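Fold and geometry: a report
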Amino acid sequence: MSFRTFAIAWLAAVGAATAHAQFVQVFDQVTLWPIEGVALSHAASGANAITDARGRADITALAAADSITFRRLGYRAIVRSLAEIKAADHRVGLEAIPLSLGEFVVSANRWEQDPARVPDQITVISKRDAVFANPGTAADLLQQSGEVFVQRSQLGGGSPMLRGFGANRVLIVVDGVRMNNAIYRAGNLQNVISVDAQALERAEVVHGPGAMTYGSDAIGGIMDFHLLRPRFNSEDDLYVSGGAAARYGTAANEYGGHVHLGLGLRKVAVLGSASFTRFGDLRMGSNGPKDYQRPWYVQAYNGVDSMVMNIDPDLQVGSGYDNINLMGKLAYKPVEQLELGFNYYFSTTSDVPRYDRLIEVRPNGLPRSAEWYYGPQEWRMASFTAKHSAERGPWSKARLTAAWQDYGESRNDRNFRNVNLRTQTERVSGLWLNLDMEKELSTRTQVLYGAEYVTNAVESKGKRVNQTTGAETIINSRYPDGSEWSTASVYAGAMHDATERLTISAGARYNWSGLEARFDTSLFAYPVKSTTLSNSALTGNAGLAWRPGTGWKLSLDLSTGFRAPNIDDIGKVFDSEPGAVIVPNPQLKPEYAYSVEAGVEKTFKEKVRVRVNAYHVLLDDAMVRRPFTINGADSIEYEGDPSRVDAIQNAAQARVVGFTLGVDAKLFKYTSAFVRYNWQDGVEQDDANTSDVPLRHAPPTFGQAGLTFERKKLRVQAFAQFSGGFGFDDLPPSEQAKLPIYALDAQGKPHAPAWHTLNVRGSYQITKALLATLGVENITDQRYRPYSSGITAPGRNVMVALRASF
């Protein structure tokens, strides 16, 4: 056979195959993005298909059907005849339904579940909503959901609060791997900004304890981030996808860019992503308490610190920083039932000024600090995943994740007119192993089980550097250098549809944790050289979701959470000072949370959806600082002075009650309304355990409400965000002492005034590949500071972004 004859035959065969294959593409009517996972079916024949990453599905098997039904959670189901599909050039648009139960949720038990079967309150942030919100950081993204309160000590930060708890009592998860490590502290944490908000595929927030699935730290809730993933091609050619974005904001003279590119074949797919954002000094609003203004800042002239008058007191001088995020992913599917993944993540910042410390003054009126900044916050993670599905055997689905993480941070401070800069540097590295399995016993019953192992090694150094001579002096580190912390656990649970309307779920987890810390006594006479700790915890949950009628969902969830002691709890002895010294407590054990939650959800004729969740949480054996004894003595000599002995102990309780309200209403054909309202009240025992005081991480009432207009390529939203206030007596004692960050009432006492902002944002899909967004935040230029925050929120902020995708 000649080459010419072979080529003609090959082209004829390809043409015949193409002629026989029929494809349809499904897309979002507003964004024009392809929709993956749409189910196409014909009830009478039983034929079906599902769309791939391109939104394409082969409908050859449905060619004889008189019509095809298109279904996907979060979108209105439609029926189209083959003639209608052909007339539309084989393209079908779906309308997003704001009143549906939403998309499948993963965070409830690490596997996709219909939200109607899940008793937990879960906030889902889709890629579609994230792009529309146009956040600068992952902390901004959470805040804009209207269901997470975010505290900020500085512009380069964001510490989420969930149900009265925050910091190391809430858990951050990225692509199935926990970020929390051995030095996560009880104070506010800023680690969530290491998650790239521009590379987000979806985010889920589980409200309330989730220890059965996630283990330690999941007391207030879990923030589960899923980043962009490689996509395989269902056809034989190369699937190329990608995107780029540029954004600018006026309040912080903020500009950023993002780019990602994906390549996919049938068995191999890769993806790369990069983001960069530069934040300048943040401008606050012009209408509000003058106590929040920045009337001065510190600047050195000829090597001498000077207190300089700020000619623009609404500009928060010394608050800007930069942020970089990189990510690479490789996926390989040797057979249909097995997928292997290799991922790498890197995030870093520039130096981040600790703004709340830069506004403190001493009793003589002079600044306390000339410099106070965090060094670059670096986070690296390399992970391997293996996902397997099987029709028989001990699992239907299994996922193994092995990850290595390396985290670095530093604290750098220098007192006003002092030549010595103190630097404390920490680095935590370790291994995270997770095995999660699901066995489908029947269409009504699934068993979930798995195991986890985590080990961390902590390096901690301290030094003092003379800025004039360059001379270095070794000083106490923040933590015991060379400390180690480990935890291991196993869990098992089940979900069962007792009837078509009732789903029951239950599970339990056993956890062991241990640590070892060695103290350097060469710098000062510390009474302990080393300590070890080993303990265990048993937690569980039980819940039900009942669907008594059309549009109804009633849920009840009983759950427990715990937090195992880490290096920060037992090893941060260098908070000691003459008069009081902290020693390790070898009897320290986990603190437990016991939660009960009830939920009611009702959708009225796809016009109005109302959701209410009420909860009560008891935190028992809370780890707090209290007087202690060592070798039978309640005081020892420390740095030449008699000093009381203190230790972190399980010596307090905390209680939180609250509820959340969510309302979504379809007002007109293209217009809908939404309301999110969150109320919580938290108390904990005071230092003497004699009375209750307000709980530090229980914020005032907060939420948002607004209107959304969507038609074809246009989406516009006008909304208000709001927060209640706290008077002096409503503030926790630790907050009452923070005079610089609060406004002062008529009696000169600190308080947190209520606030609200009016905002508008919109997007327009210029072409299939080009999306423009424009927004104005804080239209009335309010000057306000969210509860417990050390930096004033942005004033009027015009945001503009241009996003390309293919």
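Residues numbered from 1 in each chain as written. Predicted model: local features only at pLDDT ≥ 70, side-chain atom pairs only at ≥ 80, totals over all residues. Heavy atoms only, no water.

On a plain count of helices and strands, the chain comes out with eight helices and 49 strands. Against the compact-globule benchmark of 28 Å for 806 residues, the chain has a radius of gyration of 28 Å, which places it among compact chains. Taken along its principal axes, the extent of the C-alpha atoms in the chain is 95 × 65 × 60 Å. Out of the 806 residues belonging to the chain, those deemed buried represent 55%. Counting only contacts in the chain whose residues sit at least 6 apart along the sequence, the fraction spanning at least 24 positions is 66%. Approximately 33,700 Å² of the chain is accessible, and the part contributed by carbon and sulfur atoms is 58%. Where the 84 positive side-chain charges of the chain centre and where its 84 negative ones centre are 6 Å apart. (Helix = DSSP H or I, 4+ residues; strand = E, 2+ residues; numbered from the N terminus. Rg over C-alpha atoms; globule rule 2.2 N^0.38 Å. Buried < 20%, exposed > 50% of the residue type's maximum accessible area, 1.4 Å probe, protein only. Contact = heavy atoms within 4.5 Å. Areas by Shrake-Rupley, 256 points an atom, 1.4 Å probe, with all protein chains shown as cover. Lys, Arg positive; Asp, Glu negative; His and termini not counted. Charge placed at Lys NZ, Arg CZ, Asp CG, Glu CD.)

Before going further, it helps to spend a moment on the side chain of Arg-169. If you trace the backbone, Arg-169 turns up in the loop between β11 (165-166) and β12 (170-174). When near neighbours in sequence (up to four residues on either side) are disregarded, Arg-169 contacts Asp-217, Ala-218, Ile-219, Gly-220, Gly-221, Arg-563, Glu-591, Leu-619, Ala-622 and Met-623.

This part is about unusual backbone geometry. Of note, Leu-32 is a non-glycine position whose phi angle comes to about 65°, a positive value. Taking the relative accessible area as the measure of exposure, Leu-32 reaches 13% and is therefore buried. For Asn-778, which is not glycine, the phi torsion reads 55° and is therefore positive. Position of Asn-778 among the secondary structure elements: in the loop between β48 (770-777) and β49 (797-805).

The next point concerns the sheet that holds strand β5 (residues 67-71). Strand order in the open sheet formed by four strands is β3-β2-β5-β6, with antiparallel pairing between adjacent strands. With partners counted over all chains shown, the strands left at the sheet margins are β3 (48-50) and β6 (78-81), one partner each. Here the average twist between neighbouring strands, direction ignored, is 25°. Alignment of strand β2 (residues 39-41) against β5, held across three bridges, turns out to be antiparallel. Among the inter-strand pairings, Ser-41 is bridged to a residue of β5, identified as Thr-69. (Pairing = 2+ DSSP bridges. Axes fitted to C-alpha atoms, helices over the stretch in contact; angles between N-to-C directions.)

This next bit is on the nonpolar core. Core analysis: the largest hydrophobic core is formed by 63 residues, its most contacted members being Leu-142, Val-192, Met-223 and Phe-225. At four residues, the largest contribution of residues to this core is made by helix α4 (residues 138-143). When sequence neighbours within four positions are dropped, the list of residues in contact with Val-192 reads Ala-138, Ala-139, Leu-142, Gly-158, Pro-160, Ile-172 and Phe-225. With 17 residues, the next largest nonpolar core counts Val-24, Leu-40, Ala-49 and Ile-85 among its residues. (Core = buried A, V, L, I, M, F, W, Y, C linked by side-chain atoms within 4.5 Å.)

The final tally for this structure, using the stated rule, is 12 aromatic pairs. Where Tyr-677 meets Phe-722, the ring centres are 6.3 Å apart and the plane angle is 35°; that geometry is what we call tilted. Pair noted here: Tyr-677 is in strand β41 (residues 671-685) and Phe-722 is in strand β44 (residues 714-723), with a separation of 45 residues, a long-range link. Phe-722 sits in the partly exposed class, given a relative accessible area of 25%. Counting every residue linked through ring pairs, the aromatic cluster contains Phe-659, Tyr-677, Trp-679 and Phe-722. Sitting over the ring of Trp-372, Arg-354 keeps its end group 5.4 Å from the ring centre. Here the basic side chain of Arg-715 rests over the ring of Phe-132, its NZ or CZ set 4.2 Å away from the ring centre. (Phe/Tyr/Trp six-rings, centres within 6.5 Å; stacked < 30°, edge-to-face > 60°. Lys NZ or Arg CZ within 6 Å of the ring centre and 35° of its normal.)

Here the focus is a nonpolar patch on the surface. A contiguous nonpolar surface patch, about 890 Å² in accessible area, is contributed by Leu-238, Val-240, Leu-261, Leu-263, Leu-265, Val-268, Val-270, Leu-330, Tyr-332, Phe-342 and Phe-806. Of all the secondary structure elements, the ones that give two or more residues to the nonpolar patch are β17 (254-264), β18 (268-279) and β23 (321-335). Here Tyr-332 lies in strand β23. (Patch = residues over 30% accessible without salt bridge, like charges linked within 9 Å, V, L, I, M, F, W, Y side chains within 5 Å. Salt bridge = Lys/Arg side-chain N within 4 Å of Asp/Glu carboxyl O.)

If you walk through the whole model with that rule in mind, you get 56 salt bridges. Arg-54 is paired through a salt bridge with Asp-237; the nearest N and O atoms lie 3.4 Å apart. Of this pair, Arg-54 sits in the loop between β3 and β4 (56-58) while Asp-237 sits in the loop between β15 (221-227) and β16 (239-249), and the two are 183 residues apart along the sequence. For Arg-54, a relative accessible area of 15% translates into the label buried. Assessed through its relative accessible area of 37%, Asp-237 is described here as partly exposed. In this structure, Glu-235 engages Arg-56 in a salt bridge whose closest nitrogen and oxygen atoms are separated by 2.8 Å. In this pair, Glu-235 is assigned in the loop between β15 and β16 and Arg-56 in strand β4, connecting sequence segments 179 residues apart. Assessed through its relative accessible area of 24%, Arg-56 is described here as partly exposed. Each of Asp-28, Arg-128, Asp-129, Glu-710 and Arg-715 takes part in salt bridges that share partners, so that together they form one network.

Consecutive side chains along a regular strand alternate between the two faces of the sheet. Note that strand β29 (residues 420-440) and strand β30 (residues 445-466) share 21 bridges and pair antiparallel. Along β30, the bridge assignment pairs Lys-439 with Val-447. What sits between β29 and β30 in their antiparallel hairpin is a turn of four residues. Bridging between β30 and strand β32 (residues 483-497) involves 14 bridges; their strand directions are antiparallel. Counterpart to Ala-457 in the pairing with β32 is Glu-484. Of the pairings in the sheet, the one linking β30 to strand β31 (residues 472-474) comprises three bridges and is antiparallel in character. Among the inter-strand pairings, Arg-464 is bridged to a residue of β31, identified as Thr-473.

Another aspect to go through is the side chain of Ser-505. Examined against the element boundaries, Ser-505 turns out to sit in strand β33 (residues 502-518). Ser-505 sits in the buried class, given a relative accessible area of 10%. Contacts of Ser-505, omitting those with residues within four sequence positions, involve Pro-119, Ala-494, Met-495, Asn-541, Ala-542 and Gly-543.

By way of backbone hydrogen bonds, the strands of a sheet pair with one another, either parallel or antiparallel. The antiparallel open sheet is built from three strands, whose spatial order is β9-β10-β11. Either end of the sheet is taken by a strand with one partner, and the two such strands are β9 (149-151) and β11. Direction of pairing for strand β10 (residues 159-162) relative to β11: antiparallel, over a ladder of two bridges. Bridge assignment links Met-161 to a residue of β11, and that residue is Gly-166.

This paragraph deals with the confidence of the model for the chain. Taken over all residues, the pLDDT of the chain has a mean of 92, while the share at 70 or more is 95%. In this model residues 6-20 is a low-confidence stretch, pLDDT under 50, and it forms two contacts with partners more than four residues away in sequence or in other chains. (pLDDT = per-residue confidence, 0-100.)

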